[in-house]
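Examining the three-dimensional arrangement
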Amino acid sequence: MKNFLLKTCLFLALLLVIRSVSANVSLVVLGDSLSAGYGLSQEQTWVAELDRRWESSHPDINIINASISGETTRGGLRRLEGVLERHKPDVLFIELGGNDGLRGFDLNTVRSNLKQIIDQAQQQDVKVGLSQVMVPPNYGQRFAEQFRKMFEEVAKEQNVALIPFFMEEIATNADYVQDDGIHPTAEAQPKIADFLEPYLLELAK
């Protein structure tokens, strides 16, 4: 029995080593609570869901979740140097700005923060994808539209892929949104993974 358990542990360790060696693309998600999994365990997040899928389907890609609940573009910019140093990613997926919008931060400042994040990543030859982010229309139609367009403009100016906002359809289904009306439920995470997977695989090419 002891020999069996030892062999099993060695086999599992070998699999981890093989994946680590074969994973030649590192993709870091720099996001806020929508990616960090507010109210959920780390194993329930859409990032963890993709990681499980890719263990067999895309073992050459290692996805890392560097998201923090409550994060803003300023916070992401402040943390970026450490994230790049620690994980040395090939690809960076930025999912930030929602908290800036909900708190009514100046859009010029948000735009500047996003551009600095992208610039710093690109200076280290990191490929960048930027998530579109939206705020509810009850924040004012004019502000909501300016906020949406800001991401389109930043992506175009910085020549990075703009990935559609994954919460746009999720938010319309009550079963996929927590009681706070903002954060996705555990049931929504596979749906988010389904939505984002083709875009992130394209980034990781």
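Counting from 1, residues in each chain are numbered in the order their sequence is written. Predicted model: local features are reported for residues with pLDDT of at least 70 only, side-chain atom pairs are reported and counted for 80 or more only, and whole-chain, interface and lining totals are derived from all residues. Excluding hydrogens and water, the side-chain values take into account all heavy atoms of the structure.

By the naming in an unreviewed UniProt entry, the chain goes by Arylesterase and is assigned to Idiomarina ramblicola.

**Comments concerning the packing of aromatic side chains**
Only Phe, Tyr and Trp rings are paired, with Trp represented by its six-membered ring, and only when their centres lie within 6.5 Å; those with planes under 30 degrees apart are stacked, over 60 edge-to-face, the remainder tilted. Scanning the model with the defined rule gives six aromatic pairs in all. Geometrically, the ring pair formed by Phe195 and Tyr199 is tilted, given 5.7 Å between the ring centres and 45° between the ring planes. One end of the pair is Phe195 and the other is Tyr199, both in helix α9 (residues 189–203) and four residues apart, which spans about a single turn. Only protein chains enter the accessibility calculation, which uses a 1.4 Å probe; a residue whose area is less than 20% of its type maximum is buried, one above 50% is exposed, and one in between is partly exposed. Its relative accessible area of 27% is what places Phe195 among the partly exposed residues. Counting every residue linked through ring pairs, the aromatic cluster contains Trp46, Phe93, Phe165 and Phe166. Strands here are runs of E lasting at least two residues and helices are runs of H or I lasting at least four, both read from the DSSP assignment and numbered beginning at the N terminus.

**Structural notes on the sheet that holds strand β4 (residues 127–131)**
Spatial ordering of the open sheet is given by β2-β1-β3-β4-β5, a layout of five strands whose pairing is parallel. Each end of this open sheet is capped by a strand with a single partner; those strands are β2 (61–65) and β5 (161–163). Ignoring strand direction, the axes of neighbouring strands in this sheet form an average angle of 20°. When checking whether two residues touch, look at their non-hydrogen atoms; a contact exists if any pair is within 4.5 Å. A fitted line through C-alpha atoms represents every axis, and for helices the fit uses only the stretch in contact; the resulting angles, taken between N-to-C directions, go from 0 to 180 degrees. Packed on one face of the sheet, helix α4 (residues 73–87) meets β1 (25–31), β2 and β3 (91–95) and runs near 160° to β1. Strand contacts of helix α7 (residues 141–158): β4 and β5, with the helix running at about 165° to β4, the strand carrying the most contacts. At least two bridges found by DSSP between two strands is the condition for calling them paired.

**Quick look at the pairing of β3**
Burial of β3 is extensive: five of the five residues sit out of reach of the surface. Of the two faces of β3, the one lined by Val91, Phe93 and Glu95 and the one lined by Leu92 and Ile94 are each fully buried. As judged from the five bridges shared by β1 and β3, these two strands associate in the parallel manner. Note on β3: the bridge partner recorded for Val29 is Phe93.

**Section: the environment of Leu114**
Relative to the elements of secondary structure, Leu114 occurs in helix α6 (residues 107–123). Measuring from C-alpha to C-alpha, the distance between Leu114 and Arg74 comes to 8.4 Å, with 40 residues separating the pair along the chain. When residues no more than four places from it in sequence are discounted, the contact partners of Leu114 are Thr73, Ile94, Leu96, Leu130, Phe151 and Val154.

**Comments concerning the nonpolar core**
Buried Ala, Val, Leu, Ile, Met, Phe, Trp, Tyr and Cys residues that are joined via side-chain atoms within 4.5 Å together make up what is termed a nonpolar core. In terms of nonpolar packing, the biggest core is built from 56 residues, with Trp46, Ile63, Leu92, Ile94 and Leu200 touching the most fellow members. No other element matches α7, which puts seven residues into this core. Apart from residues no more than four positions distant in its own chain, Leu200 is found in contact with Leu27, Trp46, Leu50, Trp54, Ile63, Phe93 and Ile163.

**Here's the deal with the side chain of Thr73**
As for its placement among the helices and strands, Thr73 is situated in helix α4. N or O atoms within 3.5 Å of each other form a polar contact, as long as, within protein, one can give a hydrogen and the other can take it, and as long as residues adjacent in sequence are counted only when both atoms are side-chain atoms. Here Asp100 takes part through its side chain, which lies 2.7 Å from a polar atom of the side chain of Thr73. Not counting chain neighbours up to four residues away, the residues in contact with Thr73 comprise Leu96, Gly97, Asp100, Val110, Asn113, Leu114 and Ile117.

**Some words on the confidence of the model for the chain**
Confidence scores labelled pLDDT are given residue by residue by the predictor and lie between 0 and 100. On average, residues of the chain score 91 in pLDDT, and 89% of them reach the 70 mark or higher. Note on residues 4–9: pLDDT is under 50 here. Beyond four places in sequence and across chains, it has zero contacts. In the predicted structure, residues 11–22 sits below a pLDDT of 50 and forms eight contacts with residues beyond four places in sequence or in another chain.

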